[in-house]
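Listed below are the residues making up each chain.
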Amino acid sequence: MYKSVNTRVQRRGATLWTIATLLAIGLTSPVSAQTTAWGKLGRTATPAEIKAWDIDVRPDFAGLPAGSGAVSKGQDVWESRCESCHGTFGESNEVFTPIIGGTTAEDIKTGHVAALRNDSQPQRSTMMKVSQLSVLWDYINRAMPWNQPKSLSTDEVYAVVAYILNMAGVVPNDFVLSDKNIAATQGRLPNRNGTTLAHGMWDVAAKPDVQGSNCMTNCATSVTISSRLPDYARNAHGDIATQNRLIGSVRGADTLRPAAKTFVSPAERKPATAGPAAAAGAKPDPVKLANQHACMACHGVANKVVGPALQDVHKKYSGQPAADVARQLAARIKAGGTGTWGNIPMPPQGHVPDADIQAIAEWIANGKF
Amino acid sequence: MPPWQHSKKDDKAAMTFNHRPGRLQKAPEFFLTREAMTLSRDDRRSFLRKAFLAAGGAAGTLALSKGAVAADGDPAILNLPAHTKGLGQPVAARPYGLPSKHEENLQRRESPGLTRVGAASVSFAPLQGFFGIITPSGLHFERHHQGWWDIDPAQHRFMINGLVKNPKVYTMDDLMRMPSISRMHFIECGANTGMEWGNVAVPTVQYTHGMLSCCEFTGVPLKWLLDDCGADFKKGKFVLAEGADGSSMTRTINMANVLDDVMVAYAMNGEMLRPENGYPLRLVVPGVQGVSWVKYLRRIEVGDMPYAAKDETIHYVDLMPDGQHRQYTSIQEVKSVITSPSGGQVLIDKGFFNITGIAWSGRGKIQKVDVSVDGGKNWKSARLETPILDKCLTRFNIDWTWNGGDAILMSRATDSTGHVQPTMTALRKVRGTKSIYHNNSIQSWLVSANGEVSNVQIG
């Protein structure tokens, strides 16, 4: 919304404009659109129409409707309308990126979230990133709850924003957020000073920050490969053979099998696609399953994400028989839980078929990643 | 003589694959293994037949169609197929045409584990199979934040308000009655190649670069519509674009872009926009990241400050090593990628290859693309195919002979402003590894001795 004081100016402007237009139409030279043949297409928007659609709230809070909401009421809204997707504490570990987490009282003082400078947080929460309070209000008002956007009342939006700020330690339990104090509250946002416009990707005339080299010959003495796809991820994106054309100068690699040791000439090559029969008989591929069921959104094989690295899980139980470990892990995966690796809970995975859980559990227990 | 053509002198050399670079042999033996070549004629015929049967289906016919034919000729020629001896399908059997069933491998695909719900996700375009510069409408990449809709165009309205003398509403009829322009432009998500900032994460060009498409758009320049509403171009340095879907996606656009080439488009590749791409109306912001090309466009507001929308405050902000987020990063800088041979592909034989790829820049035209096959030690300029257009994909090609050894293929584009595509190392030095967005680094593909191409990073 352009500053509300302008609505009046605009409306008056509209009248003046119409007069100006009428005058202009009589003239021949101005290359203004109003004098073109199609300038009459469309019509003036009514104030009610503008009000219905012009819902944006700017960083200076222009466009923010009057209202208020208490933290306590926000908790009710949160628990009934938001928690199912974003978690009890806004940690969102069930499905989505966390809203709360990673900010400190010190950040509130400095306006810079320190965790953005180091690797102390596995994910960047909304609270760590958000620099303008207006956007929390604007976005929740326009787009949340995700499956029922624009169903919250103005006061409910104030309340739930207050509750989010409260969960992040920005405002006290008895706080009431309103159009009167929102600008002052902006002054407590942990990452309010966390953005910069010092870059070349906004202003069309600005200069790029990283320039490549023009060198054509003898540009490097040695070439080192610093990163490649690990073998266990070979089929994490499915069978690449079925993602490439079957004619031309190349085929897709059969990633259901390990890479060939040597070059295989075309006449000797096996069909590019494994037949459906072969696929049906094959053992389920745990890597694929773990990806398909979004386990890998929270677990890395070698690195901790939200949950522990699968290699570490394997190590922890490697003293016991693999079959027992697999059985126990399967039960834990199904039930979810907390406390074994820290205090972040793993959501129950009851929606994943038992056979798939078993295959993944065996894979972890065997440790052949 | 074109590089792929047979020259008598090379016959011998062909047997050991040591032929002159750029020469490919037409002799059928060239395509056989040494084992097959030492067989007698009859044995060879039965060997081939067996190989054909074993291979079966499309892949089997491939091996033969490459020229590995029995003495009397290729069965694909000698045995007239059904389509030569029968009656084909009538017109309009498929009133809206579809690609051949043999092309079904080329589809938009999700990257497993990247996002957690399909309605706030992305599907990647299969760049590995594209030709030229135009993306087929059905294979245009998708990015939705709150699902897609097929909106009734008769009920769709477009409003302009804010710093204008006369805020107006237009129907689709109004917009489509106006004079129109048609322009070809690329659209690239700001997060394209974002998974690769820290290390290699995905196998193929579909997943490394597939949040990229290029189409011809038809619509009305936004500037004309702002003129029509009497916009205040003195104070109004920015516009807010807003969608009509549940997310009501908002993004701030610089007025400089609007005055240059932003358009309100209803058509793509000669037909109306596809629902997944914003039917019936979307913003086209040439050179700027895809999130700004607001779909289901319902409103433009002219204002005097940027709007700090969700996707320019919480997302689409680039985290720098000092902990600051670059905000309003919008321009997609000069970039290129070899689409074939590329990651996850296997070269079908040694010998001649046409290395092909695409280059683009949000700052202008592509001036030059250099290709290296030795990991960046030496570079050669590729041929640029026409048309070479502003903020549009440019196709490049260059001849190459694979002699069976390791090779690292790379491409490096330069745009009309002189901006040269940087290496991953150069980019990381300035921007670290956590910025997610705007990775325009040089892509490297390792061709191994087994013929398989894989995604690698150098340095």
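All figures in this text were calculated on a predicted structure; none of them were measured in a lab.

Colleague: Whenever I open this one, the domain arrangement of chain B confuses me. Can you help?
Modeller: Many descriptions give the size of an interface as the accessible area lost when the pieces come together. All names here are of chain B. As far as domains go, chain B holds domain 1 (26-83), domain 2 (111-326) and domain 3 (335-456). Between the C-alpha centres of domain 2 and domain 3 the distance comes to 26 Å. Across the boundary between the two partners, domain 2 contributes 41 residues, which contact 39 residues of domain 3. The contact between domain 2 and domain 3 buries some 3300 Å² in all, and 58% of this surface belongs to carbon and sulfur atoms. Of all residues in domain 2, Ile133, Phe186 and Trp197 bury the most surface against domain 3, accounting for 24% of the area lost on that side. Summed over the shared surface of domain 2 and domain 3, the result is three salt bridges. Residue aspartate 261 pairs with lysine 391 through a salt bridge whose shortest N-O separation is 2.9 Å. Where domain 2 meets domain 3, there are 21 residue pairs in polar contact (both at pLDDT 80 or more). Mapped by element, the contributors of at least two residues to the side of domain 2 that touches domain 3 are β5 (181-188), α8 (205-209), β6 (212-221) and β13 (318-319). The residue inventory of the side of domain 2 that touches domain 3, partitioned by class, reads 20 nonpolar, 15 polar and six charged.

Colleague: Hey, could you run me through the state of the cysteines in this one?
Modeller: A disulfide bridge is the covalent bond that connects two cysteines by way of their sulfur atoms. For the structure shown, the criterion picks out one disulfide over all chains. A disulfide bridge connects cysteine 215 of chain A with cysteine 219 of chain A, and the sulfur atoms are separated by 2.1 Å. Across the disulfide from cysteine 215 of chain A to cysteine 219 of chain A, rotation about the S-S bond amounts to roughly -95 degrees, and the bridge is consequently left-handed. Classification of cysteine 215 of chain A by relative accessible area gives partly exposed; the value is 26%. Of all cysteine sulfurs in the structure, the one in cysteine 85 of chain A sits closest to cysteine 82 of chain A, which takes part in no disulfide; the separation is 9.0 Å. Distance from the sulfur of cysteine 392 of chain B, which forms no disulfide, to the nearest cysteine sulfur (cysteine 214 of chain B) is 3.7 Å. Judged by relative accessible area, which is 0%, cysteine 392 of chain B ranks as buried.

Colleague: Mind showing me how you'd approach empty space enclosed by the protein here?
Modeller: Gaps left between atoms are located by rolling a probe of water-molecule size over the structure's atoms. Scanning all chains against the criterion turns up seven cavities of 30 Å³ or more. Considering the residues around the largest cavity, the lining is formed by 22 residues, among which Arg143, Arg282, Gly290, Trp293 and Lys295 of chain B are closest to the centre. Broken down by element, the lining of the largest cavity gets its largest block of residues, three residues, from strand β2 (residues 142-144) of chain B. By residue class, the composition of the lining of the largest cavity is nine nonpolar, seven polar and six charged. By volume, the second largest cavity is sized at about 80 Å³. In this structure, the second largest cavity is lined by Asp138, Tyr139 and Arg142 of chain A together with His145, Ser247, Ser248, Met249, Thr250, Ala309, Lys310 and Asp311 of chain B. No other element matches the three residues that helix α6 (residues 133-143) of chain A contributes to the lining of the second largest cavity. In the lining of the second largest cavity, the residues fall into three nonpolar, four polar and four charged.

Colleague: Please explain the packing of helix α12 (residues 322-335) of chain A against helix α13 (residues 354-366) of chain A as it appears in this structure.
Modeller: Helix-helix packing is characterised by the crossing angle of the two axes and by the distance between the axes. Residues and elements named next belong to chain A. Where α12 meets α13, the closest approach of the two axes is 8 Å, and the angle between their N-to-C directions is 130 degrees. Classified by the interaxial angle, the pair formed by α12 and α13 is oblique. At the point where α12 passes α13, the crossing takes the right-handed sense. Packed against α12, whose contacting residues are Ala322, Val325, Ala326, Leu329, Ala330, Ile333 and Lys334, the element α13 presents Asp354, Ile357, Gln358, Ala361, Glu362, Ile364, Ala365 and Asn366 at the interface. The residue makeup of the contact of α12 with α13, split by class, is 10 nonpolar, two polar and three charged.

Colleague: Could you clarify how one ought to interpret the pattern of salt bridges in this entry?
Modeller: Opposite charge on two side chains lets them pair, provided their charged atoms get close. Overall, the coordinates contain 36 salt bridges over all chains when judged by the stated rule. As a salt-bridge pair, aspartate 138 of chain A and arginine 142 of chain A come within 2.8 Å of each other at their nearest N and O atoms. With aspartate 138 of chain A and arginine 142 of chain A both in helix α6 and four residues apart, the pair spans about one turn of that helix. For arginine 142 of chain A, a relative accessible area of 2% corresponds to the buried category. The partner of aspartate 227 of chain B in a salt bridge is lysine 223 of chain B, and the shortest N-O contact between them spans 2.8 Å. Pair noted here: aspartate 227 of chain B and lysine 223 of chain B are both in helix α9 (residues 222-228), with a separation of four residues, about one helical turn. Residue classification places lysine 223 of chain B among the partly exposed positions, given a relative accessible area of 27%. Overlapping salt bridges bring together Asp54, Asp56, Asp138 and Arg142 of chain A together with Glu242, Arg298, Arg299 and Glu301 of chain B as one network.

Colleague: Whenever I open this one, the interface of chain A and chain B confuses me. Can you help?
Modeller: With 116 residues of chain A at the contact, the number on the chain B side is 146 residues. Carbon and sulfur atoms make up 57% of the area that chain A and chain B hide from each other, which totals about 11300 Å². Among the residues chain A hides against chain B, the three largest losses belong to Trp53, Met201 and Trp202 of chain A. Together they make up 8% of the total. Inspection of the region where chain A meets chain B yields eight salt bridges. Here arginine 431 of chain B and aspartate 209 of chain A are joined by a salt bridge, their closest N and O atoms 2.7 Å apart. In this assembly, chain A and chain B are joined by 64 residue pairs in polar contact (both at pLDDT 80 or more). Of all the secondary structure elements, the ones that give two or more residues to the side of chain A that touches chain B are α1 (5-25), β1 (43-44), α2 (47-53), α5 (126-129), α6, β4 (195-196), β5 (225-228) and β6 (250-252) of chain A. Tallied by class, the residues present in the side of chain A that touches chain B amount to 52 nonpolar, 42 polar and 22 charged. Across three bridges, β5 of chain A lies against strand β24 (residues 453-458) of chain B in antiparallel orientation. Within β24 of chain B, the position partnered with isoleucine 225 of chain A by the bridge is isoleucine 458 of chain B.

Colleague: I keep staring at unusual backbone geometry and nothing clicks. Help me out?
Modeller: Both trends apply: most residues other than glycine have a negative phi, and most peptide bonds are in trans. Residue and element names in this part refer to chain B. Of note, the bond from tyrosine 279 into proline 280 is cis; its omega dihedral lies within 30 degrees of zero at 5 degrees. Backbone torsion omega between serine 340 and proline 341 reads -5 degrees, so that peptide bond is classified as cis. Positionally, proline 341 belongs in the loop between β15 (335-340) and β16 (345-347). Positive phi is not limited to glycine here, since histidine 438 has a value of about 60 degrees. Among the secondary structure elements, histidine 438 is positioned in the loop between α11 (424-431) and β23 (444-447). Given the relative accessible area of 5%, histidine 438 is considered buried.

Colleague: Just to check I follow, could you spell out the packing of aromatic side chains for this structure?
Modeller: Describing an aromatic ring pair means giving the distance of the ring centres and the angle of the ring planes. Under the counting rule described, the total for this entry stands at 13 aromatic pairs over all chains. Here phenylalanine 124 of chain B and tyrosine 207 of chain B contribute two aromatic rings whose centre-to-centre distance is 5.8 Å and whose plane-to-plane angle is 65 degrees, an arrangement assigned as edge-to-face. Residue phenylalanine 124 of chain B is found in the loop between β1 (121-123) and β2, and its partner tyrosine 207 of chain B is found in helix α8; the two are separated by 83 residues along the sequence. Residue tyrosine 207 of chain B is classed as buried on the basis of its relative accessible area of 2%. Against the face of tyrosine 307 of chain B rests arginine 58 of chain A, its NZ or CZ located 6.0 Å from the ring centre. The ring of tryptophan 379 of chain B carries the charged tip of arginine 412 of chain B above its face, separated from the ring centre by 4.3 Å.

Colleague: Looking at this structure, how should I read the packing of helix α3 (residues 71-86) of chain A against helix α7 (residues 154-167) of chain A?
Modeller: All names here are of chain A. Where α3 meets α7, the closest approach of the two axes is 7 Å, and the angle between their N-to-C directions is 95 degrees. Taken together, α3 and α7 sit at an angle that is classed as roughly perpendicular. Residues Val71, Lys73, Gly74, Gln75, Val77, Trp78 and Cys82 of α3 form the contact with α7, whose own contacting residues are Asp155, Glu156, Ala159, Val160, Ala162, Tyr163, Ile164, Asn166 and Met167.

Colleague: Whenever I open this one, the nonpolar core confuses me. Can you help?
Modeller: Counting residues in hydrophobic clusters, the biggest one holds 92 residues, and the most contacted among them are Phe158, Leu222, Leu225, Leu226, Leu283 and Ile300 of chain B. Here this core takes six residues from strand β9 (residues 263-268) of chain B, the largest share from any one element. Composition of this core by domain shows at least three residues from each of domain 2 (111-326) and domain 3 (335-456) of chain B. Aside from chain neighbours lying at most four places away, what touches leucine 222 of chain B is Val239, Val258, Val262, Met263, Val264, Leu283 and Ile300 of chain B. Judged by nonpolar contacts, the second largest core, of 38 residues, contains Leu64, Val130, Val161 and Ala168 of chain A.

Thresholds applied
- The numbering scheme is per chain: residues are counted from 1 as the chain's sequence reads.
- Each chain is given a letter, starting from A, and each ligand a number, starting from 1, according to the order in which they appear as written.
- Whole-chain, interface and lining totals are the exception, using all residues; otherwise, since this is a predicted model, local features are given only for residues with pLDDT of at least 70 and side-chain atom pairs are given and counted only at 80 or more.
- Think of the side-chain values as coming from all heavy atoms in the structure, minus any hydrogens and water.
- Where each domain begins and ends follows an automated or database-derived domain assignment.
- Any pair of residues with heavy atoms lying within 4.5 Å of one another is described as a contacting pair.
- Here the buried area means the combined drop in accessible surface, using a 1.4 Å probe, for two parts upon being joined, counting both sides.
- Salt-bridge detection follows one rule: a side-chain nitrogen of Lys or Arg within 4 Å of a carboxyl oxygen of Asp or Glu.
- Pairs of N or O atoms within 3.5 Å make up the polar contacts considered here, provided that, within protein, one atom can donate a hydrogen while the other can accept it, and that residues adjacent in sequence are counted only when both atoms are side-chain atoms.
- The helix count covers DSSP runs of H or I at least four residues long, the strand count covers runs of E at least two residues long, and both are numbered beginning at the N terminus.
- Under the scheme applied, nonpolar residues are Ala, Val, Leu, Ile, Met, Phe, Trp, Tyr, Cys and Pro; charged residues are Asp, Glu, Lys and Arg; polar residues are all the others, including Gly.
- For this text, the term disulfide refers to a pair of cysteine sulfurs within 2.5 Å.
- Relative accessible area decides the class of each residue, using a 1.4 Å probe on protein chains only: under 20% of the type maximum gives buried, over 50% gives exposed, and in between gives partly exposed.
- Cavity means a closed set of points on a 1 Å grid over the protein atoms alone, one where a 1.4 Å probe fits but cannot get out, pocket means an open set with protein on both sides within 12 Å along at least 5 of 7 lines, and lining means a residue has an atom within 4 Å of a point.
- Grid points are joined across faces, edges and corners, and a volume is the space filled by probe spheres set on the points.
- Between N-to-C directions, angles span 0 to 180 degrees; the directions come from axes that are lines fitted to C-alpha atoms, helices contributing only their stretch in contact.
- For this classification, under 35 degrees means roughly parallel, over 145 means roughly antiparallel, 65 to 115 means roughly perpendicular, and everything else is oblique.
- Working rule for handedness: look at the near helix, and if it is turned counterclockwise from the far one by less than a right angle, call the crossing left-handed; if clockwise, right-handed.
- For two strands to pair, DSSP has to find at least two bridges joining them.
- Here a Phe, Tyr or Trp ring, Trp counted by its six-membered ring, pairs with any other such ring whose centre lies within 6.5 Å, and the pair is stacked when the planes are under 30 degrees apart, edge-to-face when over 60, and tilted otherwise.
- Two conditions define a charge sitting above a ring: the NZ of Lys or the CZ of Arg must be within 6 Å of the ring centre, and it must be within 35 degrees of the ring normal.
- For the purposes of this section, nonpolar cores are sets of buried Ala, Val, Leu, Ile, Met, Phe, Trp, Tyr and Cys residues that join through side-chain atoms within 4.5 Å.

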